[in-house]
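Architecture and fold: a report
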Amino acid sequence: SQPKLLCISGSLRSESFNTAVLETIVDKLDGRATCERFDIGTVPHYNADLDTDPALPEVKALKDAIAAADGVVIVTPEYNYSIPGVLKNALDWASRPGYQSVLKDKPVFIATVSGGGTGGVRCQAHLKNVLAAVLAQTFVCPEVAVPTAGQKIENGRLTDETSIKLVMTAVDSFLQTL
Ligand code: FNR
């Protein structure tokens, strides 16, 4: 059967370049995988006092979505050389209970998209470290990064063919592992 992917954008911005690349991935997969999306803006700030059983509905929705997926695709900006707080926040919620969470052994594909020339690769190093902490199975490949995205995105989609090829070659390799 078809792999089920959970697609997460690290940006809440309505005109987000990262969300545009994520939607381009969904388009180009063209039905080769079932793609769900999760809006990480729905979960509150992490607070261990709120990390209860049963979980808050928004947190339960996040954890259920991750648990139901064969793999998670994260496309995120780099903020100040690191992971956007909103993404780290979602990963922190999903990471509990420690070492036994829905992220344990979960295949995760990561890519970064940036308005700048370095493409967000410094964020990828930090994100890989966080994913290691939660015992996720990060897909290993040369960094998938789209720099100077302002020139490569139109109408909410990635239009630069070289970038599309880079991203989709890696996504297809990831799919083959699921
Ligand atoms: C940025 N940006 C950025 N870019 C980068 O390549 N390295 C960085 O460290 C940062 N830092 C950073 C911090 C903050 C707070 C913001 C808001 C932005 C620029 C970033 O790449 C650009 O705004 C992207 O367009 C953000 O992604 P979305 O929202 O378009 O998906």
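As the structure is a computational prediction, the values presented were derived from the model and not from experiment. (Residues numbered from 1 in each chain as written. Predicted model: local features only at pLDDT ≥ 70, side-chain atom pairs only at ≥ 80, totals over all residues.)

**Side note on the overall build of the protein**
Along its length, the protein carries 5 helices and 8 strands. Listing each helix as α and each strand as β along the protein from the N terminus yields β-α-β-α-β-α-β-α-β-β-β-β-α. For 178 residues, the compact-globule estimate of 2.2 N^0.38 gives 16 Å, and the C-alpha radius of gyration of the protein, at 15 Å, lies within 12% of that figure. Dimensions of the protein along its principal axes, counting C-alpha atoms only, are 45 × 40 × 25 Å. Across the 178 residues in the protein, those meeting the buried criterion constitute 42%. Taking contacts inside the protein between residues at least 6 apart in sequence as the whole, the part at least 24 apart equals 77%. (Helix = DSSP H or I, 4+ residues; strand = E, 2+ residues; numbered from the N terminus. Rg over C-alpha atoms; globule rule 2.2 N^0.38 Å. Buried ≥ 20, exposed ≤ 12 C-beta atoms within 10 Å, placed from the backbone. Contact = placed C-beta atoms within 7 Å.)

**Points about the UniProt feature "domain: NADPH-dependent FMN reductase-like" (unreviewed entry) in the protein**
Summarizing the sequence annotation, UniProt attributes the feature "domain: NADPH-dependent FMN reductase-like" (unreviewed entry) to residues 3-149 in the numbering used throughout. Between the C-alpha atoms that bound residues 3-149 the distance is 28 Å, and the span itself is 33% helix and 19% strand. (UniProt positions renumbered as here; feature names shortened; annotations may be inferred.)

**Quick notes on helix 1 (residues 17-29)**
With 13 residues, helix 1 should cover 18 Å at 1.5 Å per step; its first-to-last C-alpha distance of 18 Å lies within 8% of that length. Regarding helix 1, the residues found buried are Phe17, Asn18, Thr19, Ala20, Val21, Leu22, Thr24, Ile25 and Leu29. A positive phi of about 50° marks Asp30, the residue just after helix 1. (Expected span 1.5 Å × (residues − 1).)

**Description of the site of the ligand**
In the vicinity of the ligand, 16 residues are found, and the nearest of them are Ser11, Ser16, Asn18, Pro77 and Gly116. Broken down by class, the residue content of the shell around the ligand amounts to 5 nonpolar, 9 polar and 2 charged. (Near = placed C-beta within 6 Å. Nonpolar A, V, L, I, M, F, W, Y, C, P; charged D, E, K, R; others polar.)

**Description of the nonpolar core**
If you look at the biggest cluster of nonpolar residues, it comprises 52 residues, and the most contacted ones within it are Val21 and Val73. Take this core: its biggest share by element is 6 residues, from helix 1. Ignoring sequence-local partners within four residues, the contact set of Val21 consists of Val75, Ala111, Val113, Val146, Leu158 and Val167. (Core = buried A, V, L, I, M, F, W, Y, C linked by C-beta atoms within 7 Å.)

**Observations concerning the pairing of strand 2 (residues 34-38)**
The pairing of strand 1 (residues 4-9) with strand 2 spans 5 bridges and is parallel. Residue pairing in the sheet places Leu6 in a bridge with Glu36 of strand 2. For the handedness criterion, the β-α-β arrangement of strand 1, helix 1 and strand 2 is classed as right-handed. (Pairing = 2+ DSSP bridges. Right-handed = clockwise from strand over helix to strand, strands pointing away.)

**Details of unusual backbone geometry**
Cis geometry marks the peptide bond from Asp53 to Pro54; its omega dihedral reads 5°. Its location among the elements puts Pro54 in the loop between strand 2 and helix 2 (57-68). Across the junction of Arg96 and Pro97, the peptide omega takes the value -5°, indicating a cis bond. Of note, Leu135 is a non-glycine position whose phi angle comes to about 65°, a positive value.

**Side note on the environment of Gln137**
Relative to the helices and strands, Gln137 is located in strand 5 (residues 137-138). Each C-alpha atom, one on Gln137 and one on Phe109, is 8.8 Å from the other, the two residues being 28 residues apart in sequence. Apart from the residues lying within four places of it in its own chain, the contact partners of Gln137 are Asp105, Lys106, Pro107 and Val108.

**Some points on the packing of helix 2 against helix 3 (residues 85-94)**
At a minimum axis separation of 9 Å, helix 2 and helix 3 run at an interaxial angle of 80°. Relative to helix 3, the element helix 2 is oriented roughly perpendicular. Residues Val59, Leu62, Lys63 and Ile66 of helix 2 pack against Ala90, Trp93 and Ala94 of helix 3. Along the lines of polarity and charge, the residues of the contact of helix 2 with helix 3 split into 6 nonpolar, no polar and 1 charged. (Axes fitted to C-alpha atoms, helices over the stretch in contact; angles between N-to-C directions. Parallel < 35°, antiparallel > 145°, perpendicular 65-115°, else oblique.)

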